[in-house]
Structures are given as structure tokens and as C-alpha cells.
Amino acid sequence: MGKTYCFRSGSDPSKIVCALTISNDSIRIYDLPRSRRDYMKSLTHHEKPLRRYPGVLIGRLGVSRDFAGQGIGSEALQFIKGWFFSSSNKTGCRFVIVDAVNEPQVIAFYEKNGFHCLFSSEEQEFLYTGGKKGQPVVLTTRLMYYDLLEMRK
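In this text the structure is predicted, and so the values were computed from the model without any measurement. (Residues numbered from 1 in each chain as written. Predicted model: local features only at pLDDT ≥ 70, side-chain atom pairs only at ≥ 80, totals over all residues. Heavy atoms only, no water.)

### Remarks on the pairing of strand β2 (residues 16-28)
Sheet topology places strand β1 (residues 3-8) next to β2; six bridges connect them, and they run antiparallel. Following the sheet pairing, cysteine 6 is matched in β2 by alanine 19. Where β2 and strand β3 (residues 52-63) come together, eleven bridges link them in antiparallel fashion. When the bridges of β3 are listed, leucine 20 appears paired with leucine 61. (Pairing = 2+ DSSP bridges. Helix = DSSP H or I, 4+ residues; strand = E, 2+ residues; numbered from the N terminus.)

### With respect to the environment of valine 56
As for its placement among the helices and strands, valine 56 is situated in strand β3. Accessibility expressed as a relative area gives 2% for valine 56, which makes it buried. Considering only alpha carbons, one finds valine 56 and serine 9, 47 residues apart in sequence, at a separation of 25 Å. Here valine 56 is in contact with Ile22, Ser23, Ile80, Phe84, Cys93, Phe95, Val96 and Ile97, once residues within four sequence places are set aside. (Buried < 20%, exposed > 50% of the residue type's maximum accessible area, 1.4 Å probe, protein only. Contact = heavy atoms within 4.5 Å.)

### So, the layout of surface pockets
The calculated volume of the largest pocket comes to roughly 330 Å³. In terms of lining residues, the largest pocket is bounded by 15 residues, among which Arg60, Leu61, Val101, Val106 and Tyr110 are the most central. For the lining of the largest pocket, the element with the highest residue contribution is β3, accounting for six residues. (1 Å grid on protein atoms, 1.4 Å probe; cavity = no way out; pocket = protein on both sides within 12 Å on 5 of 7 lines; lining within 4 Å. Points joined across faces, edges and corners; volume = space filled by probe spheres on them.)

### A closer look at the confidence of the model for the protein
The predicted model of the protein averages 88 in pLDDT, with 95% of residues at 70 or higher. The least confident element of the protein is helix α1 (residues 34-43), whose mean pLDDT is 80; the most confident is helix α3 (residues 104-112), at 97. (pLDDT = per-residue confidence, 0-100.)

### What about the packing of aromatic side chains?
Within the structure shown, the criterion is met by nine aromatic pairs. Seen in terms of ring centroids, phenylalanine 109 and tyrosine 110 are 5.0 Å apart; in terms of plane orientation they differ by 75°. Their pairing is edge-to-face. By relative accessible area, phenylalanine 109 is classed as partly exposed at 21%. Feature note: the residues Tyr5, Phe7, Phe79, Trp83 and Phe84 constitute an aromatic cluster, connected by ring pairs. Stacked on the ring of tyrosine 146, the Lys or Arg lysine 81 has its end atom at 4.1 Å from the ring centre. (Phe/Tyr/Trp six-rings, centres within 6.5 Å; stacked < 30°, edge-to-face > 60°. Lys NZ or Arg CZ within 6 Å of the ring centre and 35° of its normal.)

### Details of the sheet that holds β2
One key point about sheets: their strands pair by backbone hydrogen bonds, in either a parallel or an antiparallel sense. Taken together, six strands build an open sheet; the order of strands is β1-β2-β3-β4-β6-β5 and the sheet is mixed. Each end of this open sheet is capped by a strand with a single partner; those strands are β1 and β5 (116-117). Summarising the sheet, β5 and strand β6 (residues 141-147) pair through two bridges and their orientation is antiparallel. Looking at the pairing, histidine 116 lines up with tyrosine 145 of β6. Docked against the sheet, helix α2 (residues 72-85) engages β1, β2, β3, β4 (95-101) and β6, running at close to 150° with respect to β3. The strands touched by α3 within the sheet are β3, β4 and β6, with β4 carrying the most contacts at an inclination of about 165°. (Axes fitted to C-alpha atoms, helices over the stretch in contact; angles between N-to-C directions.)

### Observations regarding the environment of arginine 152
For arginine 152, the location among the structural elements is in the segment after β6. For the pair formed by arginine 152 and phenylalanine 85, sequence separation is 67 residues and the distance between their alpha carbons is 9.0 Å.

Rendered as C-alpha cells:
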């Protein structure tokens with residue numbers, strides 16, 4: 001269940017520039033392998049450790065071909081970050097989460113926009129998502145996150 005938003009061209013409102021879908025989600029800290037769990041816990045407060053930290057999931061993000069290569073995708077991510085970091089953040093989320101298509105240019109796009117892979121290796125993520133040791137590591141997506149506290153910098 002998500003909410004989809006479309007951004008239209010100011011000069012021609014009949015043209016959709018970008019569309020994105022967001023929904024509530026969380027990063028399940030205690031489900032992670034120990035090294036990643038410890039790292040993610042180091043980012044968060046220590047007074048009351050939680051099993052999950054709330055986030056907003058970007059379910060879909062698409063830019064019209066007519067507007068591709070103009071930085072619209074990065075602007076959309078900046079919009080989402082600002083929206084959920086601001087006082088308008090009614091959900092109280094800490095992270096922006098994406099299940100990014102596992103292609104070098106897609107991963108690089110999200111990394112350029114401050115996102116990090118939740119798992120330090122594809123093998124670690126493969127095992128976490130149900131893969132078995134000894135099987136070929138095949139991931140169609142990578143779990144990535146952006147810590148909204150980065151917006152303070």
C-alpha cells in the first residue's frame with residue numbers, strides 16, 4: 001500500500017515529469033547480521049534500542065524520457081528527504097529506504113544521492129533474503145537507505 005505523486009511540467013501541465021510512490025516501512029535492526037546490526041545501532045540513539053527504526057519506502061521512482069538526464073530524479077529524492085526531515089514529517093521516520101534495481105548505474109545514482117547499501121556485500125544480502133550458502137549469488141535488487149539525520153549537515 002502506497003501513495004503515488006506525480007510532478008507535472010510548469011510550462012505544460014499535461015506532461016508528467018516524474019512520478020514516485022512512497023509508503024511506510026522500517027529497517028529491522030535485529031534481523032541483520034551482527035556486524036551490520038552493530039553498525040546500524042551506532043547510528044541511532046542508545047537510551048532505548050529498538051528492534052525496528054521507522055522509514056519511508058520509495059516503492060517506485062520514475063522520470064519521463066522527455067526529462068531524463070536533467071537531474072529530475074535527484075531533485076525528487078531531495079524533495080522526499082526534505083519532506084520527511086521537515087516539521088511536516090508526520091510519520092516520525094528516520095530513514096528513507098529503497099529496494100534499488102541491482103544494476104551499476106542505478107546503485108551509483110542512489111549512492112550519488114547519499115544512499116548506502118544496507119548490507120556490506122551482495123552475498124550477505126543474498127543469505128539474509130533466503131539464499132543458501134553454495135548457491136550462486138543472484139540479487140535483482142539491493143536494499144539501500146538514507147539517514148535523514150544527514151540533512152542536519
